[in-house]
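These are the residues of each chain, in order.
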Amino acid sequence: MVTNDRQQVPFQRGASQALQQIREQMVERLQAQGIRHPKVLDTMRTVPRHLFMDEALSSHAYADHALPIGHGQTISQPYIVARMTEALLNHSQPRKVLEIGTGCGYQTAILAHLVEQVYTIERIQKLAQKTHQRLEALSLNNVEYAYGDGHLGWQAYAPYQAIIVTAAPDKIPEMLLGQLLVGGCLIIPVGEQRSVQTLLKVVKTCGGYDKIHLDNVSFVPLCEGTVD
Ligand code: SAH
(Lines give C-alpha, C1' and ligand atoms only; values in the text may rest on other atoms or scores of the structure.)
Protein backbone atom coordinates (compact mmCIF):
# COMPACT_ATOMS: atom_id res chain seq x y z
CA MET A 1 0.00 0.00 0.00
CA VAL A 2 1.30 3.48 -0.79
CA THR A 3 1.01 5.58 2.32
CA ASN A 4 -1.21 8.63 2.42
CA ASP A 5 1.37 10.52 4.39
CA ARG A 6 1.81 13.50 2.12
CA GLN A 7 5.56 13.63 2.74
CA GLN A 8 5.84 10.20 1.19
CA VAL A 9 3.55 10.53 -1.82
CA PRO A 10 6.18 11.11 -4.50
CA PHE A 11 4.12 12.96 -7.05
CA GLN A 12 2.74 15.28 -4.41
CA ARG A 13 6.10 16.99 -4.21
CA GLY A 14 6.26 20.00 -6.46
CA ALA A 15 2.49 20.27 -6.87
CA SER A 16 1.59 23.90 -6.69
CA GLN A 17 -0.50 25.54 -4.03
CA ALA A 18 -3.11 26.31 -6.71
CA LEU A 19 -3.52 22.66 -7.69
CA GLN A 20 -3.93 21.65 -4.08
CA GLN A 21 -6.63 24.26 -3.75
CA ILE A 22 -8.43 22.95 -6.84
CA ARG A 23 -8.28 19.41 -5.46
CA GLU A 24 -9.60 20.64 -2.13
CA GLN A 25 -12.56 22.21 -3.97
CA MET A 26 -13.15 18.90 -5.76
CA VAL A 27 -13.18 17.09 -2.41
CA GLU A 28 -15.64 19.61 -0.96
CA ARG A 29 -17.89 18.95 -3.95
CA LEU A 30 -17.58 15.19 -3.41
CA GLN A 31 -18.61 15.64 0.23
CA ALA A 32 -21.61 17.72 -0.87
CA GLN A 33 -22.48 14.85 -3.27
CA GLY A 34 -22.53 12.42 -0.33
CA ILE A 35 -19.03 10.86 -0.32
CA ARG A 36 -18.07 10.27 3.31
CA HIS A 37 -15.21 7.77 3.49
CA PRO A 38 -12.23 9.70 4.97
CA LYS A 39 -9.58 7.60 3.23
CA VAL A 40 -11.27 7.99 -0.16
CA LEU A 41 -11.55 11.76 0.31
CA ASP A 42 -7.96 12.00 1.50
CA THR A 43 -6.63 10.01 -1.45
CA MET A 44 -8.57 12.10 -3.96
CA ARG A 45 -7.18 15.18 -2.25
CA THR A 46 -3.68 13.82 -2.94
CA VAL A 47 -3.59 12.14 -6.37
CA PRO A 48 -2.83 14.62 -9.21
CA ARG A 49 -5.71 13.85 -11.58
CA HIS A 50 -4.38 16.30 -14.20
CA LEU A 51 -1.39 14.01 -14.85
CA PHE A 52 -3.71 11.26 -16.15
CA MET A 53 -4.80 13.08 -19.31
CA ASP A 54 -3.35 15.04 -22.22
CA GLU A 55 -2.01 18.42 -21.26
CA ALA A 56 -4.56 20.11 -23.54
CA LEU A 57 -7.35 18.84 -21.27
CA SER A 58 -5.62 19.22 -17.92
CA SER A 59 -7.31 22.54 -17.12
CA HIS A 60 -10.59 20.54 -17.01
CA ALA A 61 -9.13 17.68 -15.01
CA TYR A 62 -10.93 18.41 -11.75
CA ALA A 63 -14.32 19.30 -13.27
CA ASP A 64 -17.26 17.08 -12.47
CA HIS A 65 -17.55 15.28 -15.79
CA ALA A 66 -15.93 12.49 -17.79
CA LEU A 67 -13.12 13.46 -20.20
CA PRO A 68 -11.63 11.78 -23.30
CA ILE A 69 -8.39 9.78 -22.83
CA GLY A 70 -7.96 8.71 -26.48
CA HIS A 71 -8.97 5.51 -28.33
CA GLY A 72 -12.65 6.50 -27.87
CA GLN A 73 -12.42 5.99 -24.08
CA THR A 74 -13.06 8.31 -21.14
CA ILE A 75 -11.83 8.90 -17.61
CA SER A 76 -14.79 8.74 -15.24
CA GLN A 77 -15.89 11.89 -13.44
CA PRO A 78 -14.45 12.31 -9.92
CA TYR A 79 -17.79 11.52 -8.26
CA ILE A 80 -18.06 8.11 -9.93
CA VAL A 81 -14.47 7.19 -9.04
CA ALA A 82 -15.16 8.20 -5.43
CA ARG A 83 -18.53 6.41 -5.33
CA MET A 84 -17.12 3.11 -6.65
CA THR A 85 -14.08 3.24 -4.38
CA GLU A 86 -16.21 4.09 -1.36
CA ALA A 87 -18.62 1.23 -2.10
CA LEU A 88 -15.69 -1.15 -2.25
CA LEU A 89 -14.11 0.06 1.03
CA ASN A 90 -17.42 0.29 2.88
CA HIS A 91 -17.92 -3.40 2.14
CA SER A 92 -14.53 -4.48 3.55
CA GLN A 93 -10.87 -3.52 3.56
CA PRO A 94 -9.74 -5.75 0.67
CA ARG A 95 -6.09 -6.70 0.39
CA LYS A 96 -6.19 -7.72 -3.29
CA VAL A 97 -8.34 -5.93 -5.86
CA LEU A 98 -8.81 -6.76 -9.54
CA GLU A 99 -9.66 -3.81 -11.79
CA ILE A 100 -11.11 -4.33 -15.27
CA GLY A 101 -10.53 -1.35 -17.59
CA THR A 102 -7.23 0.33 -16.67
CA GLY A 103 -7.86 3.26 -19.02
CA CYS A 104 -5.68 6.21 -18.04
CA GLY A 105 -4.96 4.68 -14.65
CA TYR A 106 -6.58 7.28 -12.37
CA GLN A 107 -8.89 4.76 -10.67
CA THR A 108 -5.94 2.35 -10.51
CA ALA A 109 -3.83 4.97 -8.73
CA ILE A 110 -6.60 5.73 -6.23
CA LEU A 111 -6.92 2.00 -5.46
CA ALA A 112 -3.15 1.57 -5.20
CA HIS A 113 -3.12 4.12 -2.38
CA LEU A 114 -5.84 2.31 -0.49
CA VAL A 115 -5.16 -1.42 -0.79
CA GLU A 116 -2.11 -3.65 -0.68
CA GLN A 117 -2.16 -5.00 -4.24
CA VAL A 118 -3.99 -4.00 -7.42
CA TYR A 119 -4.26 -6.15 -10.57
CA THR A 120 -5.49 -4.25 -13.60
CA ILE A 121 -6.47 -5.37 -17.11
CA GLU A 122 -6.87 -3.25 -20.27
CA ARG A 123 -7.95 -4.48 -23.72
CA ILE A 124 -6.36 -1.65 -25.78
CA GLN A 125 -2.64 -2.40 -25.94
CA LYS A 126 -1.42 1.15 -26.61
CA LEU A 127 -3.44 2.49 -23.69
CA ALA A 128 -2.25 -0.35 -21.45
CA GLN A 129 1.41 0.39 -22.25
CA LYS A 130 1.10 4.14 -21.83
CA THR A 131 -0.68 3.81 -18.51
CA HIS A 132 1.78 1.22 -17.23
CA GLN A 133 4.61 3.70 -17.88
CA ARG A 134 2.66 6.56 -16.32
CA LEU A 135 1.97 4.69 -13.08
CA GLU A 136 5.54 3.45 -12.82
CA ALA A 137 6.78 7.01 -13.25
CA LEU A 138 4.53 7.91 -10.32
CA SER A 139 6.24 5.16 -8.26
CA LEU A 140 3.11 3.09 -7.82
CA ASN A 141 4.80 -0.23 -7.28
CA ASN A 142 1.89 -2.29 -5.98
CA VAL A 143 0.14 -2.67 -9.34
CA GLU A 144 0.33 -5.63 -11.75
CA TYR A 145 -0.72 -4.97 -15.36
CA ALA A 146 -2.25 -7.17 -18.02
CA TYR A 147 -3.25 -6.53 -21.62
CA GLY A 148 -6.27 -8.71 -22.35
CA ASP A 149 -10.02 -9.14 -22.31
CA GLY A 150 -11.26 -8.43 -18.80
CA HIS A 151 -14.36 -10.63 -19.32
CA LEU A 152 -12.00 -13.50 -18.49
CA GLY A 153 -10.67 -11.93 -15.29
CA TRP A 154 -7.13 -12.84 -14.21
CA GLN A 155 -7.16 -16.42 -13.01
CA ALA A 156 -3.47 -16.54 -11.99
CA TYR A 157 -4.06 -14.32 -8.96
CA ALA A 158 -7.65 -15.35 -8.12
CA PRO A 159 -9.56 -15.35 -5.85
CA TYR A 160 -9.95 -11.62 -5.18
CA GLN A 161 -11.57 -9.95 -2.21
CA ALA A 162 -12.94 -7.29 -4.53
CA ILE A 163 -13.30 -6.64 -8.27
CA ILE A 164 -14.09 -3.26 -9.82
CA VAL A 165 -15.16 -2.90 -13.45
CA THR A 166 -14.92 0.53 -15.10
CA ALA A 167 -16.77 -0.26 -18.36
CA ALA A 168 -20.33 -1.55 -18.71
CA PRO A 169 -21.28 -5.06 -19.93
CA ASP A 170 -24.89 -5.92 -20.82
CA LYS A 171 -24.80 -8.56 -18.11
CA ILE A 172 -22.41 -9.53 -15.31
CA PRO A 173 -19.51 -11.64 -16.68
CA GLU A 174 -19.67 -15.13 -15.12
CA MET A 175 -15.90 -15.55 -14.99
CA LEU A 176 -15.52 -12.50 -12.77
CA LEU A 177 -18.00 -13.91 -10.29
CA GLY A 178 -16.03 -17.15 -10.30
CA GLN A 179 -12.83 -15.34 -9.33
CA LEU A 180 -14.38 -13.59 -6.32
CA LEU A 181 -13.99 -14.89 -2.75
CA VAL A 182 -17.17 -15.76 -0.83
CA GLY A 183 -18.04 -12.56 1.05
CA GLY A 184 -16.20 -10.47 -1.55
CA CYS A 185 -17.82 -7.81 -3.71
CA LEU A 186 -17.93 -6.85 -7.35
CA ILE A 187 -18.58 -3.18 -8.17
CA ILE A 188 -19.85 -3.02 -11.75
CA PRO A 189 -21.96 -0.84 -14.07
CA VAL A 190 -24.42 -2.98 -16.05
CA GLY A 191 -26.64 -2.06 -18.98
CA GLU A 192 -26.79 -1.27 -22.66
CA GLN A 193 -25.21 1.81 -24.19
CA ARG A 194 -27.45 4.86 -24.49
CA SER A 195 -29.87 3.44 -21.94
CA VAL A 196 -29.77 3.90 -18.18
CA GLN A 197 -27.05 1.71 -16.73
CA THR A 198 -27.05 0.57 -13.13
CA LEU A 199 -24.04 0.63 -10.85
CA LEU A 200 -24.27 -2.58 -8.83
CA LYS A 201 -22.56 -4.02 -5.79
CA VAL A 202 -22.68 -7.80 -6.16
CA VAL A 203 -21.75 -9.74 -3.01
CA LYS A 204 -20.81 -13.40 -3.37
CA THR A 205 -22.57 -15.62 -0.82
CA CYS A 206 -22.19 -19.37 -0.14
CA GLY A 207 -25.14 -20.21 -2.34
CA GLY A 208 -25.19 -17.37 -4.88
CA TYR A 209 -25.05 -13.57 -5.08
CA ASP A 210 -26.79 -10.56 -3.55
CA LYS A 211 -27.18 -7.54 -5.82
CA ILE A 212 -27.44 -4.01 -4.45
CA HIS A 213 -28.32 -1.02 -6.65
CA LEU A 214 -25.93 1.88 -6.00
CA ASP A 215 -26.61 4.50 -8.68
CA ASN A 216 -27.69 5.21 -12.24
CA VAL A 217 -24.58 5.74 -14.39
CA SER A 218 -23.24 6.07 -17.93
CA PHE A 219 -20.10 4.13 -18.88
CA VAL A 220 -18.33 3.16 -22.10
CA PRO A 221 -19.05 -0.48 -23.05
CA LEU A 222 -17.09 -3.49 -21.80
CA CYS A 223 -16.01 -4.79 -25.22
CA GLU A 224 -15.12 -8.31 -26.32
CA GLY A 225 -11.55 -9.19 -27.31
CA THR A 226 -8.47 -7.00 -27.55
CA VAL A 227 -7.12 -4.16 -29.73
CA ASP A 228 -3.43 -3.94 -30.78
N1 SAH B 1 -10.92 3.55 -14.86
C2 SAH B 1 -10.60 4.11 -16.14
C3 SAH B 1 -11.83 4.18 -16.98
C4 SAH B 1 -11.50 4.08 -18.40
S5 SAH B 1 -12.86 3.85 -19.46
C6 SAH B 1 -9.90 5.45 -15.98
O7 SAH B 1 -9.85 5.96 -14.85
O8 SAH B 1 -9.38 5.97 -16.95
C9 SAH B 1 -13.00 2.08 -19.52
C10 SAH B 1 -11.77 1.34 -19.96
O11 SAH B 1 -12.17 -0.04 -20.03
C12 SAH B 1 -11.24 1.70 -21.33
O13 SAH B 1 -9.88 1.95 -21.26
C14 SAH B 1 -11.54 0.46 -22.17
O15 SAH B 1 -10.59 0.22 -23.21
C16 SAH B 1 -11.49 -0.62 -21.12
N17 SAH B 1 -12.20 -1.86 -21.51
C18 SAH B 1 -13.36 -2.02 -22.20
N19 SAH B 1 -13.66 -3.31 -22.36
C20 SAH B 1 -12.66 -4.00 -21.75
C21 SAH B 1 -12.40 -5.39 -21.57
N22 SAH B 1 -13.20 -6.34 -22.07
N23 SAH B 1 -11.28 -5.74 -20.91
C24 SAH B 1 -10.42 -4.81 -20.40
N25 SAH B 1 -10.62 -3.48 -20.54
C26 SAH B 1 -11.72 -3.09 -21.20
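Whatever comes next refers back to the structure up there.
K.L.:
A description of the sheet that holds strand 5 (residues 143-147) should follow, citing residues and the corresponding values.
P.N.:
Read from one edge to the other, the open sheet built from 7 strands follows the order 5-4-3-6-7-8-9, with strand pairing classed as mixed. A single partner strand is all that each edge strand has here, and the edge strands are strand 5 and strand 9 (209-217). Looking at each pair of strands side by side, their axes are set apart by 15° on average, direction ignored. Summarising the sheet, strand 3 (residues 96-100) and strand 6 (residues 160-165) pair through 4 bridges and their orientation is parallel.

K.L.:
Quick rundown of the pattern of salt bridges? Include the residues and the values.
P.N.:
Applying the stated criterion across every chain yields a total of 5 salt bridges. A salt bridge links R45 to E24; the nearest nitrogen and oxygen atoms lie 2.9 Å apart. Here the residue R45 occupies a position in helix 2 (residues 38-46), and E24 occupies one in helix 1 (residues 17-32), the gap between them amounting to 21 residues. Among the residues examined, E24 registers a relative accessible area of 28% and is labelled partly exposed. With its nearest N and O atoms 2.9 Å apart, the salt bridge here joins D215 to R83. On the criterion of sequence distance, the pair formed by D215 in strand 9 and R83 in helix 3 (residues 78-91) is long-range, its members being 132 residues apart. With relative accessibility at 18%, the residue D215 sits in the buried group. For R83, a relative accessible area of 19% translates into the label buried. Via salt bridges that share partners, E24, D42 and R45 belong to a single interconnected network.

K.L.:
Can you break down the side chain of Q179 residue by residue, with the values?
P.N.:
Within the secondary structure, Q179 sits in the loop between helix 6 (174-178) and strand 7 (180-190). With a relative accessible area of 1%, Q179 lands in the buried category. A distance of 3.0 Å separates a polar side-chain atom of Q179 from the backbone oxygen of L152. With residues near it in sequence (within four places) discarded, Q179 still touches L98, L152, G153, W154, Q155, A158, P159, Y160 and I163.

K.L.:
Explain the site of the ligand to me, and be specific about the residues and the numbers.
P.N.:
For the ligand, the set of nearby residues contains 27 residues, the closest of which are C104, E122, D149, G150 and C223. For the ligand, a nitrogen atom lies 2.9 Å from a polar atom in the side chain of D149. Taking T166, its side chain carries an N or O atom lying 3.2 Å from a nitrogen atom of the ligand. Bound to the protein, the ligand loses 99% of the 570 Å² it would expose on its own. Listing elements by their share of the shell around the ligand, those giving two or more residues are strand 2 (73-75), strand 3, helix 4 (106-114) and strand 4 (117-122). The element best represented in the shell around the ligand is strand 2, accounting for 3 residues. Residues of the shell around the ligand, tallied by class, amount to 13 nonpolar, 10 polar and 4 charged.

K.L.:
Describe in detail the pairing of strand 5, supporting the description with residues and values.
P.N.:
Summarising the sheet, strand 4 and strand 5 pair through 5 bridges and their orientation is parallel. Opposite V118, over in strand 5, you have V143 as the bridge partner.

K.L.:
So what's going on with the side chain of N142? Residues and values would help.
P.N.:
Its place among the elements puts N142 in the loop between helix 5 (125-137) and strand 5. On the basis of relative accessible area, N142 is assigned to the buried category, the value being 7%. There is a polar contact of 3.2 Å between the side chain of N142 and the backbone oxygen of V115.

About the cut-offs
Residues numbered from 1 in each chain as written. Predicted model: local features only at pLDDT ≥ 70, side-chain atom pairs only at ≥ 80, totals over all residues. Heavy atoms only, no water. Pairing = 2+ DSSP bridges. Helix = DSSP H or I, 4+ residues; strand = E, 2+ residues; numbered from the N terminus. Axes fitted to C-alpha atoms, helices over the stretch in contact; angles between N-to-C directions. Salt bridge = Lys/Arg side-chain N within 4 Å of Asp/Glu carboxyl O. Buried < 20%, exposed > 50% of the residue type's maximum accessible area, 1.4 Å probe, protein only. Polar contact = N/O pair within 3.5 Å; in protein donor to acceptor, adjacent residues only side chain to side chain. Contact = heavy atoms within 4.5 Å. Near = heavy atom within 4 Å. Areas by Shrake-Rupley, 256 points an atom, 1.4 Å probe, with all protein chains shown as cover. Nonpolar A, V, L, I, M, F, W, Y, C, P; charged D, E, K, R; others polar.

Purely geometric stuff here, so don't read any function into it on its own.
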